[in-house]
Amino acid sequence: QERPVESGGGSAQAGGSLRLSCAVPRHNGNNYCMGWFRQGSGKEREPVATTTTIGGSIWYSESVKGRFTLSRDSNKNALHLLMNNLKPEDTDMYYCATHSNYCQRPGLYEYWGQGTQVTVSS
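Definitions and cut-offs
Residues numbered from 1 in each chain as written. Predicted model: local features only at pLDDT ≥ 70, side-chain atom pairs only at ≥ 80, totals over all residues. Heavy atoms only, no water. Disulfide = S-S within 2.5 Å. Helix = DSSP H or I, 4+ residues; strand = E, 2+ residues; numbered from the N terminus. Buried < 20%, exposed > 50% of the residue type's maximum accessible area, 1.4 Å probe, protein only. Salt bridge = Lys/Arg side-chain N within 4 Å of Asp/Glu carboxyl O.

Caption draft 1: Examining the state of the cysteines more closely. For the structure shown, the criterion picks out two disulfides. Two residues share a disulfide in this structure: Cys22 and Cys96, whose sulfurs sit 2.1 Å from each other. Its S-S torsion of about -85 degrees marks the bond between Cys22 and Cys96 as left-handed, since a negative value means left-handed. Taken as a pair, Cys22 in strand 3 (residues 18-23) and Cys96 in strand 9 (residues 92-100) lie far apart in primary sequence, 74 residues in all. Since its relative accessible area comes to 0%, Cys96 is described here as buried. In this model Cys33 forms its disulfide with Cys103; the gap between the sulfur atoms is 2.0 Å. Judged by the torsion about the S-S bond (-80 degrees), the Cys33/Cys103 disulfide is left-handed. Of this pair, Cys33 sits in strand 4 (residues 33-39) while Cys103 is found in the loop between strand 9 and strand 10 (111-112), placing the two residues 70 residues apart along the sequence.

Spelled out as structure tokens, the structure:
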């Protein structure tokens, strides 16, 4: 496994929930960032929720704070994003990324998944 693999995307009604999962490959290094990003057509890729391997501090974008929950399964190398109270504005391609020294900058991540589509209908 050379790159993260996302799953769990799909369609949901506004107010509904989806749970994204990511199989995260092991990499060299002890302390680094991993997280979820999203990108819509014609827009820049933006961070949604990130965490660190040491300490486990979690950062959320303001737009998802209070609705999304990031969790990490260390022994299974899995990263999850529980998305509650979905809104149409959450519609995007969601990507899992790992191995960065600066958590909120997409350009600094070394490994990316292929993405999973999330579509929320009103």
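From this point, the discussion proceeds with the structure in view.
Caption draft 2: Representation of the pattern of salt bridges in the model. Taken as a whole, this structure holds five salt bridges when the rule is applied. Measuring nitrogen to oxygen at the nearest pair gives 3.1 Å for the salt bridge that ties Arg38 to Asp90. Residue Arg38 is located in strand 4, and its partner Asp90 is located in the loop between strand 8 (78-83) and strand 9; the two are separated by 52 residues in the primary sequence. An identical accessibility class is assigned to Arg38 and Asp90; each is buried. In this structure, Glu62 engages Lys65 in a salt bridge whose closest nitrogen and oxygen atoms are separated by 3.2 Å. A network of salt bridges, in which partner residues are shared, links Arg38, Glu46, Arg67, Asp90 and Asp92.

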